[in-house]
Amino acid sequence: MGEQQLCTRRTDRAVVVTGLGVQSPAGCEIETFWTNLTRQRVATKVVPELQLGEYPIVAGVVDDGFRTLGRCQQLAVAAARSAANHAGLDAATLGEQAPRVAVVMGTVVGGRQVLDAHIGNYLREPVRGLWDATDWTLSRAESVGVAVARELQAMGPNYTLTMACAAGNAAIGLGARLIASGEADIVFAGGADELSPAFLAMFMQHGALSPDYIRPFSIGRRGVLLSEGAALVVLESERSAARRGRSPLARVAGYHSCADAYDVMAPHPEGRGAVVSMTRALTRAGLGPQAVDLISAHGTGTPANDKSEAAAIQQVFSANPNVLVTAPKAMLGHCQGAAGAVETVASILSLNRGLALGTPNNIGMDPEARVSLLTENRAMPLGVVLSNAFGFGGNVSSLVLTGANA
Amino acid sequence: MTPTAVNGMGYCGPHGVGWDAFLRFASSAPTSESPLAMVEWAAPFPPAGQARELAAPADLRGTLEGRGLRAFNREGKLLAAACQGALTQAGNSSAWPRDEVGLFAGSSSAGLDDYCTLCAEKEQWGVKRLTPSRGPNAGFNAHLGHVSKWFDLRGVTLGVAAGGCSGAAALAAASRELQLGTVQHAVAGAVEARAHLRIQSCSSSSCVVEGAMAFSLSRDSESPRAYITSCGEVFVPDANRETFIRAATWLRRGFERAMGSMPSQIVVTGLAARAARRNWDALLESIGPIPHVLDVDERWGDWLGVGSCLGVALAIAHVSGELRCPGYDACDAVGVVSLDEQGAIIFHLVESPARSGKGSACG
């Protein structure tokens, strides 16, 4: 280990993004992912093996041909490899800096999907030995962060955040905190989740699944479509990136996560937590609402979320009422704990390439969820993007991303 | 690093609820000799292996007054009981602006039994007859939602899993946010509830314990019980001796930066089981001779993510003079090292207010 400070926490270090990795229904390689998003391709489809006897389950599935133990962890590791390659970080470089390389992941289900089949089998034919050590390991949330750290041989702080669907967004925010506070020089941060029949059943029971499409902020929206995937970003201090000769893709300028403290199942009607998370993330970035060019909304297409989020956006952006809003879940489905990270990757590509993504499937704006939703792509210079992610339990999280030269 | 003031602590575990219960727990005989009753498991799952199990009080209605408790899952109730103790000890916590109070909770297995039961209900009854609250409670974060709503905590909220170090990671995260000024106060801790899969994965010689521990923390406090003056984290991604030496070097330097040398008294959590499984003894050998090591897991059973919080609580009780750790001398600084079989190591340095007054750690 070098002579770097081991526990000193500073607060003045700029945080830049130098690499991206994604495994998503829209693509498992950055250029494919971006191309499909810019073509407005809806990546959700009927998944026969997930039928629960009600109506066809439509979901977004990463089409890689395997559904084995530890799928969530595999998705995370695959995205981490892509992110390391994208950032130009090889094994030797990572090994030299290992104690200063941290991993922060977020997840909703982790590897618990493996338990569904075991329990079904047991109930049909009770035998002893229902579980084994692998089940125990995979069912624990930290297995996601551990898998990534072992793949990268990272020795810095290792967290797996359990903040429902806000987890991927919050993981990137916390990763930025680790850089800013001087506890790490490189952080692999993001989220990963796989489809869980048990959680699909829960969403179905609560009437939260759409039968066809996600229609964020639209009239006639009927709910969300779950999907799966993983995404990681490589965060570095500006000095670390400069030392390696890497040009930043974007900056993480601000972040805040907090709790609605309202209801475990439903968002606060006026988006109380979302107002605080967006406002404080902007404050942390030293920016006002007028500076924001685009909001990447949580936008699940459920009646309650979109109404609450729209109310929060209207309150925070009263001085910038025409701020553009996009909702990538219309194309990607809801990747659960990975959603915030996958959508952050999309936001960074938008910043980098000067293209705000449109939101398909809209059949008319809901007058109760009025925001300036982009329904078609728009080429425009983007300086600041705010990305939201919310989750069951009232967790809310917001990231402020700025262009590399901001 | 600016020291984090610890204002209060709350406990919910096999010896009851509250600080007195914690002191009884900490003064008790090793769990292997405990007279506490074991727990029976009900259908639909098979008997839960041979491991011994200690449960927290089943009914917390006398501790938690208010509507809505029925919707809580087990983790939510345990953590709420511990948080209530911590906030009560802090004194004027009800006056804290709610946007400025953060919640940081560690857990490795939260919602696990609810998830398994959700799967069973789906198989047996179909989707339409699922218990409505089962799904939300089957997530890793349901306890965060319940507790933040119960106490109206609307500041920075973080749920974190780091195996046996989950509670220590929550404390480290809370300290970071307090230092960065994103919250003025925080409740941080950990919870693990009984879960069939957890019991089944343990050997017959194990004693699995459920419970919760919470601390109320502030950036500043007039009369704190103790300070957490330094903390840091490292991960050991493989079992190579060289990697352990690197980790040991990191750990030793962290303490030396904080207080000039290794603390003479160290509380270790997660040591006994982990040492057998992943050669953690190599790590401790690399650190060098440590006069006093108190192994929480060996003495009080496997608390999973809560064990690391118990280590910090023992250190606080020791430096504040409320409790003398077994075999320890009176002192005003104790190091806490939390280990996990999957590779995480987190340390905290706990100091009495008198010692911390001379400034410390990494600042």
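The structure this text deals with has already been given above.
No experiment lies behind these values; they were computed from the predicted model shown.

Here the focus is the overall build of chain A. When you go through chain A residue by residue, the secondary structure sums to 13 helices and 15 strands. Here chain A has a C-alpha radius of gyration of 20 Å; the compact-globule value for 406 residues is 22 Å, and the two agree. With respect to the three principal axes, the spread of C-alpha positions in chain A is 60 × 55 × 40 Å. Evaluated residue by residue, chain A yields a buried proportion of 68% over its 406 residues. Surface summary for chain A: the accessible area is close to 12400 Å², and the carbon and sulfur share equals 50%. In chain A, 32 positive and 34 negative side-chain charges are present, and the distance between their average locations comes to 4 Å.

All names here are of chain A. All chains considered together, the criterion is met by 26 salt bridges over all chains. For the salt bridge of E236 with R244, the shortest nitrogen-to-oxygen distance reads 2.6 Å. For R251, the salt bridge identified is with E238, shortest N-O distance 2.6 Å. Highlighted residues: R251 in strand β8 (residues 250–259) and E238 in helix α9 (residues 238–243), separated in sequence by 13 residues.

What follows concerns the interface of chain A and chain B. Counting residues at the interface gives 87 residues for chain A, matched by 85 residues for chain B. Summed over the shared surface of chain A and chain B, the number is five salt bridges. Note that R177 of chain A is salt-bridged to E177 of chain B, the shortest N-O span being 2.9 Å. Joining chain A to chain B, the criterion identifies 26 residue pairs in polar contact (both at pLDDT 80 or more). If one sorts the elements of the side of chain A that touches chain B by residue count, helix α4 (residues 113–124) of chain A sits on top with eight residues. Considering only residue class, the side of chain A that touches chain B consists of 42 nonpolar, 26 polar and 19 charged. Taken together, the two bridges between strand β5 (residues 158–161) of chain A and strand β5 (residues 157–161) of chain B define a ladder with antiparallel strand orientation. Bridge pairing in β5 of chain B places L161 of chain A opposite V160 of chain B.

Core analysis: the biggest nonpolar cluster contains 116 residues, and F33, Y159, L161 and L235 of chain A together with F22, M213 and F215 of chain B have the highest contact counts within it. Discounting chain neighbours no more than four positions away, the residues touching F215 of chain B are V6, G8, M9, A86, L171, A186, V187, A188, C309, V312, A313 and I316 of chain B. Of all hydrophobic cores here, the second largest spans 41 residues; its members include I119, F199 and A201 of chain A together with C116 of chain B.

Next up on the list: the side chain of T402 of chain A. Tracing the backbone shows T402 of chain A in strand β15 (residues 395–403). A relative accessible area of 6% means that T402 of chain A is categorised as buried.

Residues and elements named next belong to chain A. Of the positions making up helix α1 (residues 30–38), those classed as buried are I30, F33, W34, N36 and L37. Down the axis of α1, the buried side of the element spans an arc of 165 degrees, and every buried residue falls inside it. Where α1 is buried, its residues meet β1 (15–23), α12 (329–332), α13 (339–353) and β11 (355–356). Just past α1, the residue Q40 takes up positive phi, approximately 60 degrees.

What counts, and where the lines are drawn
- Residues numbered from 1 in each chain as written.
- Chains lettered and ligands numbered in written order.
- Predicted model: local features only at pLDDT ≥ 70, side-chain atom pairs only at ≥ 80, totals over all residues.
- Heavy atoms only, no water.
- Helix = DSSP H or I, 4+ residues; strand = E, 2+ residues; numbered from the N terminus.
- Rg over C-alpha atoms; globule rule 2.2 N^0.38 Å.
- Buried < 20%, exposed > 50% of the residue type's maximum accessible area, 1.4 Å probe, protein only.
- Areas by Shrake-Rupley, 256 points an atom, 1.4 Å probe, with all protein chains shown as cover.
- Lys, Arg positive; Asp, Glu negative; His and termini not counted.
- Charge placed at Lys NZ, Arg CZ, Asp CG, Glu CD.
- Salt bridge = Lys/Arg side-chain N within 4 Å of Asp/Glu carboxyl O.
- Contact = heavy atoms within 4.5 Å.
- Polar contact = N/O pair within 3.5 Å; in protein donor to acceptor, adjacent residues only side chain to side chain.
- Nonpolar A, V, L, I, M, F, W, Y, C, P; charged D, E, K, R; others polar.
- Pairing = 2+ DSSP bridges.
- Core = buried A, V, L, I, M, F, W, Y, C linked by side-chain atoms within 4.5 Å.
- Arc of directions from axis to C-beta.

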